[in-house]
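In case you want the letters, here they are:
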Amino acid sequence: MAGAADLCRLNLVLSSNTPNRLLTAANFTRPGSLAAGAGVQPKSAPSDTDLEFVARAGKDRLLKVPSSNIRNFSIIAHIDHGKSTLADKLLQMTGTVESREMKAQFLDNMDLERERGITIKLQAARMRFMYNNEAYCLNLIDTPGHVDFSYEVSRSLAACEGALLVVDASQGVEAQTLANVYLALENNLEIIPVLNKIDLPGADPERVSREIEEVVGLDCSDAIYCSAKEGIGINEILSAIVQKIPPPQDTAERPLRALIFDSYYDAYRGVIVYFRVIDGTIRKGDRIMFMASKKDYYADEVGVLSPNQLQVNQLNAGEVGYLSASIRSVADARVGDTITHYSRKAEESLPGYKEATPMVFCGLFPVDADQFTELRDALEKLQLNDAALKFEPETSSAMGFGFRCGFLGLLHMEIVQERLEREYNLSLITTAPSVVYRVNCVNGDTVECSNPSLLPEPGSRRSIEEPYVKIEMLTPKDYIGALMELAQDRRGEFKELKFITEIRASIIYELPLAEMVGDFFDQLKSRSKGYASMEYSFIGYKESDLIKLDIQINGDPVEPLSTIVHKDKAYAVGRALTQKLKELIPRQMFKVPIQACIGSKVIASEAISAIRKDVLAKCYGGDITRKKKLLRKQAEGKKRMKAIGRVDVPQEAFMAVLKLEKEVL
Ligand SMILES: Nc1nc2c(ncn2[C@@H]2O[C@H](COP(=O)(O)OP(=O)(O)OP(=O)(O)O)[C@@H](O)[C@H]2O)c(=O)[nH]1
């Protein structure tokens, strides 16, 4: 499971976040397919009725559920506060998954997720719960816990009427908790506070309850104390879901509107779309249309997730389910889009649809140039499942052919890189992550630029704007100074400092995204000994004093090492890069100057001295003029060599410098 150290690594660069829809054809494992085995087709539709729900407690039982007995809910929590463990327990206690089938953390079923203990992908499960002798259908929609995926969190919350707010009783409210609670409140959800991990000796649920009341303004008099690990309080949670979360409205008569909260690509059936029916009814065989992408299809299969995919004939307003319609790419059925009927279209789509915009870019190059085609195929496959991943070919003089890829954030970036390496056996070199700059040109054009080497010439640009984020850091009061210093160093603009309790404070800054894509998150964790947490959101573009810093080796510009930096940092970055390159480039037969330049102005310079061949070695004694002649000849030879000689920068040098760029930028 991810400890603070893992998370630091992960956010690497937060350094770091994307979608779970990265599942590939070869290994797709969803709740639906996990238990049944990858690629296994779902059971066929129970014959007699719609709205049936098969509980999986040994023998299948059909159950008709009126919409007043449906509850749709999510779990929101900060990373590691126990959301997945609690979801597993809920599935187990309701008999949705039998204990012997239970793999730890059923909902986190991507290998990567399981290994790192973080939830990346949204998933859903339908549970049956008996309350006062009545059967209820509880739909749990899981949400990813990381900032890069906050849009997905907001869509899955929009598909629910309520949410469990899980807070670790030994830790308290964290930045991500707050961010998710605000999202839930925006969606008018009923929030049930749950204090988890009460089995831990350091747990202090009373203190944390007070903290939630003070910080979030949520009444915690009925907060549920639980231990997801030990199975304490699970029944209370299930009862509270039935009692407190309102049932969905019965709007089955209206034209169909269903909200997509997740989708993934299956090699056999095309894209599988997870949705919540908000209005109307969807039946197997219906001709449906996705309102944002305007694509229409026939729904070959409609079903519920229990959590295995189970076909039904129809789903009504309030229900959560999946459909498959031989859709070829997740880009046709994106998260947040609205499904309606082709013949009886809804007038308006559901609010909140947003195209995924990549915020962080980097170049990906295969270490072995022969792997270029494999890399392209792998990226295409990942893209089928990940509408947020963008890529286009890029050529670099140093690294050959590769791709410039766009990601939602740094975790997304790291996940894609790791999947390419693990699942497709590719070894990759990645360039330093950069953001998208907006260049206002003299001729009135605005150019978006994510690649420093494509920045318009200084003469043709009027100004450069860069993306800004608002960050909120929550920290014990002892580390306030250290964190403010960190934000200040990263060109942060102080906005607010407030104490949320006597011992914890919230610090708000606005700072350039480019400053966060370095090691900001690692720094935040190390300067606060792991106790601080943070959350950020994009606030827009602002003009900055940015310049392009070029590196020249032996007088030749090395494009892949160019970066866009703030003027005030150019000297420090230039010095660090030239020093590092001096260590890394092997000595040549001639002196090699390494320079960092802004335009034609050199701002930092180092030189690698030449390897000296002792041309005098063969001259024993002899006369001085002979020695001078030999040295003169050597000097002339070197001059010629320098003029024609090219310095080969070893690949390790590039990799080390790119790493350094990530650190110093
Ligand atoms: N002692 C104790 N540990 C728990 C409890 N619930 C969860 N944990 C542990 O806390 C760690 C994090 O739990 P997860 O369920 O993976 O946390 P999460 O919130 O799902 O994290 P993300 O998937 O990253 O969002 C794991 O090591 C769990 O075993 C609990 O009630 N008591």
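Parameters and conventions
- Residues numbered from 1 in each chain as written.
- Predicted model: local features only at pLDDT ≥ 70, side-chain atom pairs only at ≥ 80, totals over all residues.
- Helix = DSSP H or I, 4+ residues; strand = E, 2+ residues; numbered from the N terminus.
- Buried ≥ 20, exposed ≤ 12 C-beta atoms within 10 Å, placed from the backbone.
- Core = buried A, V, L, I, M, F, W, Y, C linked by C-beta atoms within 7 Å.
- Contact = placed C-beta atoms within 7 Å.
- Pairing = 2+ DSSP bridges.
- Axes fitted to C-alpha atoms, helices over the stretch in contact; angles between N-to-C directions.
- Parallel < 35°, antiparallel > 145°, perpendicular 65-115°, else oblique.
- Nonpolar A, V, L, I, M, F, W, Y, C, P; charged D, E, K, R; others polar.
- Left-handed = near helix turned anticlockwise from the far one by under 90°.
- pLDDT = per-residue confidence, 0-100.
- Arc of directions from axis to C-beta.
- Expected span 1.5 Å × (residues − 1).

The next point concerns the overall build of the chain. The number of helices and strands found in the chain is 16 helices and 32 strands. Taken across its 665 residues, the chain has 51% of its residues classed as buried.

Once that is clear, we can look at the environment of proline 452. Tracing the backbone through its elements, the reader meets proline 452 in the loop between strand S23 (446–449) and strand S24 (461–476). The spacing of proline 452 and leucine 497 is 45 residues in sequence and 35 Å in space, taken between C-alpha atoms.

This brings us to the nonpolar core. Ala163, Leu165, Val194 and Phe275 are the most contacted members of the largest nonpolar core, which totals 172 residues. A total of seven residues in this core trace back to one element, the largest contributor, which is strand S8 (residues 270–279). In this structure, alanine 163 is in contact with Phe73, Ser74, Ile75, Ile76, Leu157, Ala184, Leu189 and Ile191, ignoring residues within four places of it in sequence.

This part takes up the pairing of strand S1 (residues 70–77). Within S1, eight of the eight residues are buried, which leaves the element mostly enclosed by the surrounding structure. Judged by which residues are buried, S1 turns out to be covered on both faces: Ile70, Asn72, Ser74 and Ile76 on one side and Arg71, Phe73, Ile75 and Ala77 on the other are all buried. For S1 and strand S3 (residues 134–141), the ladder comprises five bridges, and the chain directions are parallel. For serine 74, the partnering residue across the bridge sits in S3 and is isoleucine 141.

Our next topic: the packing of helix H3 (residues 83–93) against helix H8 (residues 234–244). Pairs of packed helices are described in terms of their axes, by the angle between the two and the distance that separates them. Two numbers describe how H3 lies on H8: the axes approach to 10 Å, and their chain directions differ by 85°. As summarised for this structure, H3 and H8 are arranged roughly perpendicular, according to the angle between their axes. Here H3 contributes Lys89, Leu90 and Met93 to the contact with H8, which in turn contributes Ile234, Asn235 and Leu238. Residue classes in the contact of H3 with H8 are distributed as four nonpolar, one polar and one charged.

Moving on, we get to the packing of helix H11 (residues 480–489) against helix H13 (residues 520–527). Contact geometry for H11 and H13: axes closest at 9 Å, N-to-C directions at 160°. As the angle between them shows, H11 and H13 are arranged roughly antiparallel. The handedness of the crossing between H11 and H13 is right-handed. When H11 is examined against H13, the residues Ala482, Leu483 and Leu486 are found in contact with a partner set consisting of Gln523, Leu524 and Arg527. Its residues assigned to classes, the contact of H11 with H13 shows four nonpolar, one polar and one charged.

A sheet is described by the order of its strands in space; here eight strands give the open sequence S11-S10-S16-S7-S8-S15-S12-S13, paired in antiparallel fashion. Here the strands that pair on one side only, and so sit at the sheet edges, are strand S11 (296–298) and strand S13 (309–312). Neighbouring strand axes in the sheet, compared pairwise and without regard to direction, differ in orientation by 40° on average. Where strand S7 (residues 257–266) and S8 come together, nine bridges link them in antiparallel fashion. The residue bridging tyrosine 264 from the neighbouring strand is isoleucine 272, located in S8.

Another aspect to go through is the pairing of strand S31 (residues 592–598). Successive residues of a regular strand alternate their side chains across the two faces of the sheet. Bridge analysis of strand S28 (residues 546–553) against S31 gives four bridges, and the strand direction is antiparallel. Looking at S31, one finds that isoleucine 551 is bridged to alanine 596. The hairpin formed by S31 and strand S32 (residues 601–608) contains two residues between the paired strands, and glycine 599 there has a positive phi angle of roughly 60°.

What follows concerns the sheet that holds strand S4 (residues 162–168). Spatially, S2-S3-S1-S4-S5-S6 is the arrangement adopted by the six strands of the open sheet, whose pairing is mixed. The open sheet has two free edges, formed respectively by strand S2 (124–131) and strand S6 (224–225), since each of these has just one partner strand. Where H3 meets the sheet, it contacts S1, S2, S3, S4 and strand S5 (190–196), and its direction lies at approximately 150° from that of S1.

Turning to the confidence of the model for the chain, a few remarks are in order. When pLDDT is averaged along the chain, the result is 79; 80% of the residues meet or exceed 70. Note on residues 1–62: pLDDT is under 50 here. Beyond four places in sequence and across chains, it has 187 contacts. Confidence drops under pLDDT 50 across residues 113–122; counting only partners more than four residues distant or on other chains, this segment forms 43 contacts. Across the assembled chains, the prediction reports ipTM 0.97 with pTM 0.71.

As a further point, take the environment of phenylalanine 361. Relative to the helices and strands, phenylalanine 361 resides in strand S17 (residues 360–366). Judged by C-beta crowding, with 22 C-beta atoms within 10 Å, phenylalanine 361 ranks as buried. Taking the C-alpha atoms as reference, phenylalanine 361 lies 39 Å from leucine 90; in sequence the two are 271 residues apart. What phenylalanine 361 contacts, discounting residues up to four positions off in sequence, is Arg404, Cys405, Gly406, Pro433, Ser434, Val436 and Ser450.

Turning to H8, its buried residues are Ile237, Leu238, Ala240 and Ile241. Buried residues of H8 fall within an arc of 160° about the axis and therefore sit on the same side.

This part covers helix H9 (residues 372–385). The terminal C-alpha atoms of H9 lie 21 Å apart, and with 14 residues this matches the ideal 20 Å at 1.5 Å per residue to within 8%. If you check which residues of H9 are buried, you get Leu375, Ala378, Leu379, Lys381, Leu382, Gln383, Leu384 and Asn385. Lining the buried residues of H9 we find S7, S17, strand S18 (390–396), strand S19 (400–407) and helix H10 (410–423).

This paragraph deals with unusual backbone geometry. The bulk of non-glycine residues show a negative phi, and the bulk of peptide bonds are trans. One non-glycine residue, asparagine 132, adopts positive backbone phi at about 50°. The phi angle at asparagine 554 is positive, at roughly 55°, despite the residue not being glycine. The residue asparagine 554 is located in the loop between S28 and strand S29 (556–557) in this model.

Counting through the fold element by element, arginine 491 comes out in the loop between H11 and strand S25 (493–499). Spatially, the C-alpha atom of arginine 491 lies 23 Å from that of proline 458, the residues being 33 residues apart in sequence. In this view, arginine 491 contacts Leu511, Pro512, Glu515 and His566; residues no more than four positions away in its chain are not counted.

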